[in-house]
Amino acid sequence: MPVYERTAGYIMNISDNKKIGCVIMASGLSKRFGSNKLIKELGGMPVIKWVLDVTEDLFACRVVVTRSQEVKTLCENMNVPVLYHEYPGRNDTVRIGLNAMPEDIEGCMFCMADQPLIQQTTIKNMIAMFNERKDIVRPIFEDSPGAPILFPDKYFEELRNLPQGKGGNVVVKAHPDDVYMVSAGFAEELFDIDTEEDFSYILDFTEKYNV
């Protein structure tokens, strides 16, 4: 899996990337967290808004897929397209989001709504790599790959037919030779919030480094 370093010089003009969609995965029930983590305030705004901000205006189409009425209302108030559903599996979220995309898109990025520190620079670098390779692209820090993941349209049918409860990593593992890595700037970019302890760590990090 080739890894491309995060450098300003690698960021390409993405003004013509109107063939790429974005699905923001917000369907978790926050069972380990104990309350709705996506609307908990981090640095003065809900956790999910961090992801909404860095993905704004980068894609042909963007949609939040959620099982939370609170997230649905928040997105509607922000004029962000949102789909509410009651299906149980991650595969359902992937399918619903992908089916909401325009038919002519060439790629779709799947972002985790509980990953607030992913940087727009990393996302732009991923888009640039996708525009060059038209293969699967994901970020990596040191030896640890993470989300979001950008898939080309040749894998859309596999994504629509994932095993129950499984996500896009099934497709990534099935096609290792088609995966390209883009370096993230710091480890916390790839950190998702599952517990109160995770939230406290991210909160301390944002305050310490003014992220």
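Residues numbered from 1 in each chain as written. Predicted model: local features only at pLDDT ≥ 70, side-chain atom pairs only at ≥ 80, totals over all residues. Heavy atoms only, no water.

The subject of this paragraph is the packing of aromatic side chains. All chains considered together, the criterion is met by five aromatic pairs. Judged by centre distance (6.0 Å) and plane angle (70 degrees), the ring pair of Phe-110 and Phe-151 falls under edge-to-face. Taken together, the residues span a long stretch of sequence, with Phe-110 in strand β7 (residues 107-112) and Phe-151 in strand β10 (residues 149-152) at a distance of 41 residues. Assessed through its relative accessible area of 1%, Phe-151 is described here as buried. For the ring pair Phe-191 and Tyr-201, a centre distance of 5.4 Å and an interplane angle of 35 degrees mean the geometry is tilted. (Phe/Tyr/Trp six-rings, centres within 6.5 Å; stacked < 30°, edge-to-face > 60°. Helix = DSSP H or I, 4+ residues; strand = E, 2+ residues; numbered from the N terminus. Buried < 20%, exposed > 50% of the residue type's maximum accessible area, 1.4 Å probe, protein only.)

A word on the nonpolar core. Ile-24, Ile-48, Phe-59, Val-64, Met-109 and Ile-123 are the most contacted members of the largest nonpolar core, which totals 42 residues. Those elements that place two or more of their residues in this core are β2 (20-26), α1 (47-55), α2 (69-77), β7, α4 (120-133), β11 (179-183) and α7 (196-209). In terms of residue count, the dominant contributor to this core is α1 (six residues). Excluding residues that lie within four positions of it along the chain, Ile-123 makes contacts with Val-54, Thr-55, Leu-58, Phe-59, Met-109 and Ile-118. In terms of nonpolar packing, the next biggest core, distinct from the first, is built from 24 residues, Ile-96, Ile-149, Leu-159 and Val-172 among them. (Core = buried A, V, L, I, M, F, W, Y, C linked by side-chain atoms within 4.5 Å. Contact = heavy atoms within 4.5 Å.)

So, on to the pattern of salt bridges. For the coordinates displayed, the defined rule picks out eight salt bridges. Between Lys-37 and Asp-194 there is a salt bridge, with its nearest N and O atoms 3.6 Å apart. Placement of Lys-37 in the loop between β2 and β3 (41-42) and of Asp-194 in the loop between β11 and α7 is noted, with a sequence separation of 157 residues between them. Judged by its relative accessible area of 24%, Asp-194 is partly exposed. For Lys-49, the salt bridge goes to Asp-53, with nearest N and O atoms at 3.0 Å. Taken together, the residues span about one helical turn, with Lys-49 and Asp-53 both in helix α1 at a distance of four residues. With a relative accessible area of 29%, Asp-53 lands in the partly exposed category. Connected through shared salt-bridge partners, Lys-37, Asp-114 and Asp-194 make up one network. (Salt bridge = Lys/Arg side-chain N within 4 Å of Asp/Glu carboxyl O.)

Let's shift gears to α4. A rise of 1.5 Å per residue sets the reference length of α4, with its 14 residues, at 20 Å; its end C-alpha atoms lie 20 Å apart and thus fit the reference within 8%. Of all the positions in α4, only Thr-122, Ile-123, Asn-125, Met-126, Ile-127, Ala-128, Met-129 and Phe-130 are classed as buried. (Expected span 1.5 Å × (residues − 1).)

A word on the environment of Glu-197. Mapped onto the elements, Glu-197 comes out in helix α7. Taking the C-alpha atoms as reference points, Glu-197 and Ile-48, 149 residues apart in sequence, are found 18 Å from one another.

Now for the layout of surface pockets. Rolled over the atoms, a probe as big as a water molecule pinpoints where empty space is left. Estimates place the volume of the largest pocket at around 840 Å³. If you trace the largest pocket, you find 37 residues lining it, with Met-25, Arg-90, Met-112, Asp-114 and Asp-192 closest to the centre. For the lining of the largest pocket, the elements supplying multiple residues, two or more each, are β2, α3 (90-99), β7, β10 and α6 (169-174). By residue class, the composition of the lining of the largest pocket is 16 nonpolar, eleven polar and ten charged. (1 Å grid on protein atoms, 1.4 Å probe; cavity = no way out; pocket = protein on both sides within 12 Å on 5 of 7 lines; lining within 4 Å. Points joined across faces, edges and corners; volume = space filled by probe spheres on them. Nonpolar A, V, L, I, M, F, W, Y, C, P; charged D, E, K, R; others polar.)

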